[in-house]
Structure formats: C-alpha cells, structure tokens
Number of protein chains: 2
Amino acid sequence: MMRFPTAWLQGISLGESIACELRLRIINGTIKPGEVLSENRIATDFGTSRSPVREAMKTLSNEGLIRLERMGAVVLGLSLQDIQELYDVRYLIESFAQQRMASGNHEHVIANLKQMIDKMELTVKYKDSVEFSYLDSCFHEAIIIAAKHKRILHLWNSIRHIVLTVMLITTDEIFLEGETKLNAVIEKHRRIVNGLESKNVKLIQQVVQEYFADSNITLRNSIS
Amino acid sequence: MMRFPTAWLQGISLGESIACELRLRIINGTIKPGEVLSENRIATDFGTSRSPVREAMKTLSNEGLIRLERMGAVVLGLSLQDIQELYDVRYLIESFAQQRMASGNHEHVIANLKQMIDKMELTVKYKDSVEFSYLDSCFHEAIIIAAKHKRILHLWNSIRHIVLTVMLITTDEIFLEGETKLNAVIEKHRRIVNGLESKNVKLIQQVVQEYFADSNITLRNSIS
DNA sequence: ACAAGTATACTTGTATACAAGTTACATTTC
DNA sequence: GAAATGTAACTTGTATACAAGTATACTTGT
C-alpha cells in the first residue's frame, strides 16, 4: 500500500494533507469510483473534526475527483480515459507556454531546466522515484511559469496536484521497469530543452506534440 | 451600485452566494486590488458566521481573484490584462471544443444554439441585459459540453463564474450603447453556428479565432 | 529622542454544537 | 402481500468556541 510522501506534507494544513491522502487513494484505486464518502466517516478515520475534511472535500471536488451531493460525496475516480484527457489539457497548456517562450530571452530558465534534468539522472542512480516525479513536475511547472501568463499558470495549478500524484504512481512503476525506460524519459525532457533553445516555433510545436503523444503511449503500455 | 442578480442565487448555499457577491464586487472594482479581506469582517458585514465566508474565500482563491495568506486574504482583482488572459484561455478551451464538434453529428446541439440566439434577440427587445449575459454564457457552455471532454469541461467550470460575472458587467455596458452593437454580438454567435454546421475544420478554426480576437477589441473599446 | 521588549488585539486553523433536510427501514393499514 | 406512513439514523450547512500565531502599538529603559 502506497503512502503519500510525508516530506510533501510539511508546512501544509490538516485540510490540505487530508486532500493529498484522499487524492492518492482515489487515483491509485484504493478508494473506488461510485463509493460514497461521508465527512463524518472520513473525519473519524483521520481522527480529526469535520472542518479540515470539509476543506479537503471541496478541494477534491474542484479537481473533479469527487462530486459533492446532498447526501455524501460520490467518488468519480480517474480512469485511463480521464488520464488521457488530463494529457490533452497538459498539452494545451504547455504548448501554449512553450510557444510563448519562443520569443524573449530565457537563458536562466533553460539553465534551470538543464539542472533539473541532471538531478533527474541522479535520482535514477539512487533509485529515488519520489524525487524523480517531483522533479518531473517542477520541470514542466518551470516552463509554464516562464510563460508569464497568470491564467494559464492558474489552469496548471488547478491540475498540478493531480498531475503530481499521477506522476508519483506511474514513475514508481517506470522505476521497476529498469533504467532503459527512465533514460528515454530523461531524453524526452532534453529534447524539450533543445526545442526551447532553438526558439524555432515550428520545431517547438513538433517537440511538444511528440512529447505528449509518446507519454500517452507510455501510459497505455503501463496500464495494460 | 450593481447587485448580483438574486435569481441566480436561488438554491445555492450561503457560502456560494457570498462568493458570488464578493466576486462581483472584486471584478467591478468595488473591492480594489491590494485590499486585505478578513474572514471575521466579511462575516459581520454579511451577518453570517465565518464558515460560509471561509468557503467563499476558498472559492475566490481557486478562481485567482484573491490570494490566501497567513493574515488576511489580499485582493488580486481582475485587471484589463487579466481579462485578456481570460479570453486566451476561453479561446484555447473553445477552439478545442469546436474542433472536436467538427466530427460527429450534433444537430440537436446546433438547434439548441440557434434557439439561444433567438432568445438573445428577445432580450434585446425587452432590454434584459442580465438574461442576455446568461444566454451568452449558456451558448458557449453548450458548445463545451457538446465536446464531451470531462477535463475541458472542468476547465470551463473553473472559470465560468468569472466569465459570467465579466459578461454581466460588460453586457450591461453594451446595452447602453444601443442595438447596433448588440446585433453585432448576436451576429458573431450566428457565425459560430454557421461554422459548426459546415463541419469544416479550417473554417471553424477561423471563425473561433475571429470571434475571440473581435471580443478582445470590444473589450478594449469598452474600457477606454 | 530612540531602541527594545511586552502587551494587546486580530488573524487563521481546528473542534464542537446545532438545525434542517434526506434516506432507509420498520410498522401499520388496506 | 403491497402500499403508505411514520420514525430513526445519518447527511450537510451554519454557528460558535478555542488555540496558536502574528502584527501593531505602547511602554519602558537608556
């Protein structure tokens, strides 16, 4: 049974940490779609009052993982198709961001991205899949932040917890498959950096497209 | 001083209605950026307890209208540039949705859209700007729903309240400018329907692009 | 006059209490 | 046996209470 990394829970409120824990359980299937969650039940399960649970429920509802109803919140879960849809949105957001990065100087950002990729290689060496997924998330977030578009960044923030959690789960599986696959993932990130460095709009477009198309394939294989 | 339509507050919780009221005040500038909101103060202002206010604050924070901090929530507001960014996102979402609608049969949806446009013309006759903005929002929502993409629909839901409120304010101003402008807005919607009916991907793409480009211009003129 | 420290008032996060409404089940009635 | 009714348990929405932390302002010492 997988647990949410306690390091990621530092400095956040009870409500947020309950949201993280429930989110993980919903995405990895411990809590199944159709199940009905009661604030009281969860509160007693976590040994807290309803207040933070209520906050967590609202968060998960905003993320589309559950649907709040008059009596109880029904779990919607995250099916394979849902994850593919998530990739669709990630593609929309990131291709927009990368196109925006094409104009303007972003040497420092690119330097940052390269450093992150180097760190990724280290996590492979030390078999730290948790850190890898964190870096992966940071990599894409850095690109979106660099686009300097508040609303787009906001869109990312509205899915980043889900994306991070999905990465946490899938990265763990990829680590089990050995280094070949991991190196391929890292190489994909390098290609993105190369694209950004070229400042060639067409090339960037193509690289992003390939990135998410390939991620989709990886996803399918990982499930089947 | 503009008030949030009471008809739109029916059947929703106190927390949501407080969110609607605050949202309007923030967007129309009654509450100015930089201002610090305290849960207690708002609770006494609205004559309620902190619980629903807290819920409203979380909602507004999720919408990017305020930023929750240790002491008080600072108002971020919605500048002209923010609204333009909002149009960027709307364009991304709706062009995606319309492209998706290009394939497949959507006669009933298109019939619905046409009906809405007819209703819009009625609201012009009876000078009901509130209903017009509501129909405008429903029109675009119908298209997004027709795309049958949960995540994209979710993205729309995360901005729909803001969009509706912005429409409420700007539509009110357009009504003051007379029927010529209004008929132009309605005509733009007709062009969208024509695009969808053609099922021609290129044409649809062009129509959506023109729609949001023109909306941006309208916005600029409306402010200056 | 100025710096340091303390007190005070206000903030959020969490817990608990209560009210109104919904669901499910048992009981009653036909 | 079946339908209707009433009741009991459980649900959320809102109000209130308390604790821990923070900023402000005042006081005190130099």
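Owing to the predicted nature of the structure, the values given are computational and were not obtained by experimental measurement. (Residues numbered from 1 in each chain as written. Chains lettered and ligands numbered in written order. Predicted model: local features only at pLDDT ≥ 70, side-chain atom pairs only at ≥ 80, totals over all residues. Heavy atoms only, no water.)

S.K.: Explanation requested: the relation of the copies chain B and chain A in the structure shown.
M.R.: The operation relating the two chain copies consists of a rotation about an axis and a shift along that axis. When chain B is fitted to chain A, the residual RMSD is 0.0 Å, and the transformation amounts to a turn of 180° plus an axial shift of 0.0 Å. With respect to symmetry, the two chain copies, as superposed, fit the operation of a two-fold axis. When the interface residues of chain B are mapped onto chain A, 100% of them again fall at the interface, so both copies present the same face. (Least-squares fit on C-alpha atoms with pLDDT ≥ 70 in both. Contact = heavy atoms within 4.5 Å.)

S.K.: So what exactly am I meant to see when it comes to the protein's contact with DNA strand C here?
M.R.: Near DNA strand C, the surroundings consist of 18 residues, among which A:Leu14, A:Ser49, A:Ser51, B:Arg50 and B:Arg54 are the closest. Across the atoms of DNA strand C situated within 4 Å of the protein, the share located in sugar and phosphate is 62%. Here A:Ser49 contributes a backbone N or O atom positioned 2.8 Å from a phosphate oxygen of DNA strand C. Contacts to DNA strand C include A:Ser51, whose side-chain N or O atom sits 2.8 Å from a base nitrogen. (Near = heavy atom within 4 Å. Polar contact = N/O pair within 3.5 Å; in protein donor to acceptor, adjacent residues only side chain to side chain.)

S.K.: Could you clarify how one ought to interpret the sheet that holds strand E2 (residues 66–68) of chain B in this entry?
M.R.: Strand pairs in the sheet, formed through backbone hydrogen bonds, run parallel or antiparallel to each other. All names here are of chain B. Spatial ordering of the open sheet is given by E1-E3-E2, a layout of three strands whose pairing is antiparallel. Lying at the two open borders of the sheet, with one neighbouring strand each, are strand E1 (36–37) and E2. As paired strands, E1 and strand E3 (residues 73–75) are joined by two bridges and run antiparallel to one another. Bridge pairing in E3 places Leu 37 opposite Ala 73. Running at roughly 115° to E2, helix H3 (residues 50–62) makes contact with E1, E2 and E3 of the sheet. (Pairing = 2+ DSSP bridges. Helix = DSSP H or I, 4+ residues; strand = E, 2+ residues; numbered from the N terminus. Axes fitted to C-alpha atoms, helices over the stretch in contact; angles between N-to-C directions.)

S.K.: Looking at this structure, I do not really get the domain arrangement of chain A. What am I missing?
M.R.: Where interface size is given, it is often the accessible area lost as the parts come together that is meant. Residue and element names in this part refer to chain A. For chain A, the assigned domains read domain 1 (8–75) and domain 2 (80–223). Its C-alpha centre places domain 1 at a distance of 27 Å from the equivalent point of domain 2. Contact with domain 1, which involves seven residues of that partner, is made by eleven residues of domain 2. Note on domain 1 versus domain 2: buried area summed over both sides is about 800 Å², and carbon and sulfur give 84% of it. Scanning the region where domain 1 abuts domain 2 turns up zero salt bridges. Viewed at the interface, domain 2 and domain 1 are joined by zero residue pairs in polar contact (both at pLDDT 80 or more). Split by residue class, the side of domain 1 that touches domain 2 holds four nonpolar, one polar and two charged. (Domains from an automatic or database assignment. Buried area = accessible area lost by both parts, 1.4 Å probe. Salt bridge = Lys/Arg side-chain N within 4 Å of Asp/Glu carboxyl O. Nonpolar A, V, L, I, M, F, W, Y, C, P; charged D, E, K, R; others polar.)

S.K.: Looking at this structure, how should I read the protein's contact with DNA strand D?
M.R.: Surrounding DNA strand D, one finds 18 residues, the nearest of these being A:Arg50, A:Arg54, B:Leu14, B:Ser49 and B:Ser51. Sugar plus phosphate, as a fraction of atoms of DNA strand D within 4 Å of the protein: 60%. In this structure, a base oxygen belonging to DNA strand D sits 2.8 Å away from a side-chain N or O atom of A:Arg50. At 2.7 Å from a phosphate oxygen of DNA strand D is found a main-chain nitrogen or oxygen belonging to B:Ser49. Among the secondary structure elements, those contributing two or more residues to the surface near DNA strand D are helix H2 (39–46) and helix H3 (50–62) of chain A together with helix H1 (14–27) and H3 of chain B. Looking at which element gives the most residues to the surface near DNA strand D, the answer is H3(B), with three residues.

S.K.: Quick question: what am I supposed to make of the packing of aromatic side chains here?
M.R.: How two aromatic rings sit relative to each other is set out by the distance from centre to centre and by the angle between their planes. Across all of its chains, the model carries twelve aromatic pairs over all chains by this definition. Ring plane angle 40° and centroid distance 6.1 Å describe the contact between A:Trp8 and A:Tyr134, whose orientation is recorded as tilted. In this pair, A:Trp8 is assigned in the segment before helix H1 (14–27) and A:Tyr134 in helix H6 (residues 129–146), connecting sequence segments 126 residues apart. For A:Tyr134, a relative accessible area of 35% translates into the label partly exposed. Seen in terms of ring centroids, B:Phe4 and B:Trp8 are 5.6 Å apart; in terms of plane orientation they differ by 80°. Their pairing is edge-to-face. The residues B:Phe4 and B:Trp8 share a single accessibility class, namely buried. Here a set of aromatic residues connected by ring pairs shows up, and it is made of A:Tyr87, A:Tyr91, A:Tyr211 and A:Phe212. One Lys or Arg, A:Lys188, reaches over the ring of A:Tyr211 and ends 4.4 Å from the middle of that ring. (Phe/Tyr/Trp six-rings, centres within 6.5 Å; stacked < 30°, edge-to-face > 60°. Buried < 20%, exposed > 50% of the residue type's maximum accessible area, 1.4 Å probe, protein only. Lys NZ or Arg CZ within 6 Å of the ring centre and 35° of its normal.)

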